[in-house]
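Working through the structure, step by step
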Amino acid sequence: MLFNIHDVFNIIFVEIQFLWKCDRVCIFDMIPCSSLTILLIDDCADDRKACCRFLKRDSLYTYRIVEFETGTQAMQWCQQEIPDVILLDFLLPDGDGLKFIQQIRERLKNTQCAVIMLTGQGDEMIAVSAMKNDAQDYLIKDDLTAKVLQRAIHHAVEQMHLTRQLEKSREQQQLIGAIALRIRQTLKLEEILRTTTTEVRHFLKADRVVVYKFSPDTSSTIVAESVLPGWTVALGTQIADTCFQQGAGSDYLQGKKRAINDIYQANLTQCHLQLLEQFEVKANLVVPILVTDQLWGLLVVHQCCASRQWQSVELDLLDQLGVQISIAIQQASAYEQLQTELAERKQTEEKLRQAQRLQIDLQLLEDILEIAHAGYWNWNILGNQVYLSPSFKQMFGYEDHELPNTSETWHSLIFREDLPGVLESFEQHIKSRGQIPCYNEVRYRHKDGSTVWVICSRRVIEWEQNGNPLRMIGCHIDITKRKQAEQELSQNRDLREAIFNESADALFLVDSQTLLTLDCNRRAVELFGVADKAELIGIEGHILQRHQFSPDEMAAIVAELQSKGFWSREIEYVTRQGNIFWGNIAAKPITVAGRTLNLVRVSDMSDRKQAEEQLKQTNEQLTNINAELARATRLKDEFLANMSHELRTPLNAILGMSEGFLEGVFGSSNERQAKAIATIERSGKHLLELINDILDLSKIESGKLELQLSDVSVKTLCNSSLAFIKQMALKKNIRLSTSISQNIGNIQVDERRLRQVLINLLSNAIKFTPEKGSVRLEVWVEEVQGIEDGGSQRGLGSGGHRGGEEDRFSVSVSSSVHLCFSVTDTGIGIAPEDIGKLFQPFIQLDSSLNRQYNGTGLGLAVVKRIANLHEGTVSVSSKPTFRTSKCSARDYMVIPE
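Residues numbered from 1 in each chain as written. Predicted model: local features only at pLDDT ≥ 70, side-chain atom pairs only at ≥ 80, totals over all residues. Heavy atoms only, no water.

In this section: the overall build of the protein chain. Looking only at helices and strands, the protein chain features 22 helices and 30 strands. In the protein chain, which comprises 897 residues, the proportion classed as buried is 45%. For the protein chain, long-range pairs separated by at least 24 residues make up 62% of all intrachain contacts whose partners lie at least 6 apart in sequence. Accessible area for the protein chain stands at about 48400 Å²; split by element, carbon and sulfur atoms hold 49% of it. (Helix = DSSP H or I, 4+ residues; strand = E, 2+ residues; numbered from the N terminus. Buried < 20%, exposed > 50% of the residue type's maximum accessible area, 1.4 Å probe, protein only. Contact = heavy atoms within 4.5 Å. Areas by Shrake-Rupley, 256 points an atom, 1.4 Å probe, with all protein chains shown as cover.)

Laid out in structure tokens, this is it:
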């Protein structure tokens, strides 16, 4: 079948060039190194230790961790070395982390290192700022775990390697594409070689790139060169390398490449070493140029200034360029041969020559597509005959023999959802007679069930006279990794947009020069009651305020932003509906795509303002109430003190006269009279006790009672207290017992008041203990833990004598020695719900009119206050039972030694 071979090449080369410019498919498999350098910047030593501990648990990477406390120190270190990952605290002693990111990005490209921001607070505005300053991730310290930190670093390193890989692949493909374009544009070999050496030297940043051409006697001539100034120019030099056949010549004949990092460490022969020294070479890359399985020459890269560690990517690139040069040589040779044959042969041989050229060009086409890792196909539309290349089938996991060369094979692999788009593109291509390109990105099913994304480019190369297509050719290039990379980048972009738009505060981006709003989030639209954010864009933000700033105030705000890097204030705003609310505004300069903007946050604080106003009113009311309470208390104390004094004077006379009548001072009395007088005496004494308790309590409450401290024997104090209540115990046949530790001597207390306490506790114990019961007084010393803040309640230590509340917080504690008095009885006990009422004035648990036990209800209240004056406490524990004498009650108090 006859067709124009030039059209074939023009079509395929244009499509390949177009594909390579946008294709990010990785040709080289760049596996991340297992060791990474981590730059850890944090002024908190504990946080740095935690990060180091988390990183040491990583099973995927090993880390070299370099720690600094300030951004200045870290930036100085970065002058000498570039880390793989930077873990950066947001708040540094010499500035926030965002400024450090800006500085490091000015020095390094984004692909050179990854930055992960660490912060002690979950602030969405910080997250937005970090992301917009090209940080790869944002982590909160309180939520930081080994898994979270390792996952963030793995993701950042993978993203960094992916970006590097895409950039390197793109540059490499552009270089190959440029050289391939030269091949298509000209058949002048000299120009092709000159362009190749120049672009390779620039791409690899080498000192010299040359092309050797071998003669039949293995001598060579440098036919193309690109060299930096200052190094020897070698173009046109003829080299008679007598030791070539003894060295690497046989390897080059077999198509092997060679990379020498240091010529003095490569075990080269002496003659070869001298040849390299002649051209000041310290390291070189060499790939053979094979034309029809014959060694045509060498493509060589020289590093003259120093030795160099060559990368496999560089060697593979050079190898591909060697193939391109080989293609160029073949084309040039074929062109020259064709011109000669056209001049010599007759017109009758034209078809044969075209067939020969077609065979050569088709072979070149297969070589190019193989280099590009692409699959191709050829479709005879009229006969429905399809040829699928082995690389096409391998792209989807099949061997050549596993898939038949039929159109049904193609239909079975492509996604049904993508088929209509392919057919529509084909129809447009046919209708335009090839003027509209036939190009689609479609999905295929891999043999293992996964999805393979490909660029499908095709073109009709033969047409009937009536415009029907006869033959179509096309190629497929795997872009799955590019699609995955685009999806990941899209997810990152969506995440940043979500952080901005889903913020609970209104966010604005403001031009730092004109102070006009450039963008805002959805919360801003809701907060200010507008229909669309277009109403908020292009305006000065302060026009939304109830009281706008003056020019001087605006200038002061701008100056504060420039000097401090941050500005904040509480302002009244007005919505579009006229509603007024209080807002907290904060502004901070940020850099977006090299442009300085102001990020402004407005938080609705109306609820807080209302709460503050309500709290203010409540405080004023409480102040007035407290003043009234203080006045009432003062009047009550004065009344009680005056009344107690006035009542005590006539009462003493009543008691004295009663006692005289009972003793017969005023003559004898009959039994009935004696009982009446005894009743008068008992009632008078009870009233005197009540008056004394009221007076004591009043003095204590008003702060007028002062303790008379002196050294008192504990044993004597206990014995004298027991003497007062022995007669009461004998009347009820109650057994008294004491237990006083031997190591207790004297204590410094108010003897009269402490005796009053013990007598009151012992009297209560006897009063509420049935006949033939027992009352026990114990005294011991123990160490008690107390909270150092001064506001905690003291309690007892061990032995079951515990008082006060348990410590519920993690605070520091101190110990002190306490003297404990315990009064235990076998009385009626106290219900748990009544214990809290014991120490309240004028309250008795038995409050009925016919109650069994008499009392003023002030005894235990006075006891508690006397104990408090001694910096002690009083507490009660009880196990009440129902009408049984086996229950126990224990009253005890603690006095500091």
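Turning our eyes to something else, we now look at the environment of lysine 564. By secondary structure assignment, the location of lysine 564 is in helix H17 (residues 551–564). For lysine 564, a relative accessible area of 62% gives the class exposed. Lysine 564 sits 24 residues away from lysine 588 along the chain, and the two C-alpha atoms are 9.3 Å apart.

Ordered in space as E20-E19-E23-E22-E21, the five strands form an open sheet in which the pairing is antiparallel. Two strands lie at the open edges of the sheet, namely strand E20 (517–520) and strand E21 (567–574), each paired on one side alone. Here the average twist between neighbouring strands, direction ignored, is 30 degrees. Here three bridges tie strand E19 (residues 506–511) to E20, and the two strands are oriented antiparallel to one another. (Pairing = 2+ DSSP bridges. Axes fitted to C-alpha atoms, helices over the stretch in contact; angles between N-to-C directions.)

Val714 and Phe821 are the most contacted members of the largest nonpolar core, which has 36 residues in total. Those elements giving two or more residues to this core turn out to be helix H20 (714–731), strand E26 (746–750), helix H21 (751–767), strand E27 (774–787), strand E28 (813–825), helix H22 (859–869) and strand E29 (873–878). No other element matches H21, which puts eight residues into this core. Grouped together as the second largest cluster of nonpolar side chains are 28 residues, Phe68, Ile86, Leu98 and Tyr138 included. (Core = buried A, V, L, I, M, F, W, Y, C linked by side-chain atoms within 4.5 Å.)

The next subject is H22. In an α-helix, one turn spans 3.6 residues; hence positions three or four apart end up facing the same way. For H22, the buried fraction is high: eight of the eleven residues fall into the buried class. Those residues of H22 not exposed but buried are Gly859, Leu860, Ala861, Val862, Val863, Arg865, Ile866 and Ala867. In the stretch just after H22, glutamate 871 is the one whose phi turns positive, near 60 degrees.

In the structure shown here, the tally under the stated rule is ten aromatic pairs. Here the aromatic rings of tryptophan 379 and phenylalanine 426 are separated by 6.2 Å at their centres, their planes lie at 40 degrees, and the arrangement is tilted. Here tryptophan 379 is found in strand E14 (residues 374–380), whereas its partner phenylalanine 426 is found in helix H14 (residues 419–431), with 47 residues between them in sequence. Phenylalanine 426 gets classed as buried once you look at its relative accessible area, which sits at 18%. The interplanar angle of 80 degrees and the centroid separation of 5.3 Å between the aromatic rings of phenylalanine 392 and phenylalanine 396 together place this pair among those described as edge-to-face. Aromatic ring contacts, followed pair by pair, group Phe508, Phe528, Tyr573 and Phe581 into a single cluster. Directly above the aromatic system of tryptophan 453 lies the positively charged group of lysine 483, at a separation of 4.5 Å from the ring centroid. (Phe/Tyr/Trp six-rings, centres within 6.5 Å; stacked < 30°, edge-to-face > 60°. Lys NZ or Arg CZ within 6 Å of the ring centre and 35° of its normal.)

Look at helix H3 (residues 71–78) against helix H4 (residues 97–107): their axes get within 11 Å of each other, and the N-to-C directions meet at 10 degrees. With respect to their mutual orientation, H3 and H4 come out roughly parallel. Residues Gly71, Ala74, Met75 and Cys78 of H3 lie in contact with H4, whose contacting residues are Phe100, Gln103, Ile104 and Arg107. In terms of residue class, the contact of H3 with H4 is built from five nonpolar, two polar and one charged. (Parallel < 35°, antiparallel > 145°, perpendicular 65-115°, else oblique. Nonpolar A, V, L, I, M, F, W, Y, C, P; charged D, E, K, R; others polar.)

So, on to the sheet that holds strand E1 (residues 35–41). Reading across the sheet, the five strands line up as E2-E1-E3-E6-E7 and stay open at both edges, with parallel pairing between neighbours. The open sheet terminates on both sides in strands that have one partner only, identified here as strand E2 (62–68) and strand E7 (137–140). Adjacent strand axes in the sheet meet at a mean angle of 20 degrees, parallel and antiparallel pairs treated alike. The pairing of E1 with strand E3 (residues 85–89) spans four bridges and is classified as parallel. Its bridge partner lying in E3, isoleucine 38 is registered against valine 85.

Once that is clear, we can look at unusual backbone geometry. Here asparagine 267, not a glycine, exhibits a phi torsion of approximately 55 degrees, which is positive. Within the secondary structure, asparagine 267 sits in the loop between strand E11 (258–260) and helix H9 (270–278). Located in the positive-phi region is leucine 515, a residue other than glycine, with phi close to 60 degrees. With respect to the helices and strands, leucine 515 occurs in the loop between E19 and E20.

With that settled, the discussion passes to the side chain of aspartate 84. As for its placement among the helices and strands, aspartate 84 is situated in the loop between H3 and E3. A polar side-chain atom of aspartate 84 sits 2.8 Å from the main-chain amide nitrogen of threonine 37. Residue contacts for aspartate 84: discarding those within four places in its chain leaves Ser35, Leu36, Thr37, Cys113, Ala114 and Met160. (Polar contact = N/O pair within 3.5 Å; in protein donor to acceptor, adjacent residues only side chain to side chain.)

End to end, H21 covers 24 Å across 17 residues, agreeing with the expected 24 Å (1.5 Å per residue, within 8%). By the criterion of burial, H21 is predominantly enclosed, with 13 of the 17 residues buried. Where H21 begins, the side chain of aspartate 750 points an oxygen toward the backbone nitrogen of arginine 752, at a separation of 3.3 Å. (Expected span 1.5 Å × (residues − 1).)

Let us look at a nonpolar patch on the surface. Side chains of Met657, Phe661, Val665 and Phe666 sit close together on the surface and give an oily, nonpolar patch of about 380 Å² of accessible area. On the secondary structure map, methionine 657 appears in helix H18 (residues 606–663). (Patch = residues over 30% accessible without salt bridge, like charges linked within 9 Å, V, L, I, M, F, W, Y side chains within 5 Å. Salt bridge = Lys/Arg side-chain N within 4 Å of Asp/Glu carboxyl O.)

Glancing now at the pattern of salt bridges. The full count for this structure, using the stated rule, is 28 salt bridges. A salt bridge links glutamate 486 to arginine 482, with the shortest nitrogen-to-oxygen separation between them at 3.1 Å. One end of the pair, glutamate 486, and the other, arginine 482, are both in helix H15 (residues 480–501), four residues apart, so they sit about a helical turn from each other. Here glutamate 486 falls in the partly exposed class, since its relative accessible area comes to 29%. Under the relative-accessibility criterion, arginine 482 is labelled buried at 3%. Through salt bridges with shared partners, one network takes in Asp42, Asp47, Asp89 and Lys141.

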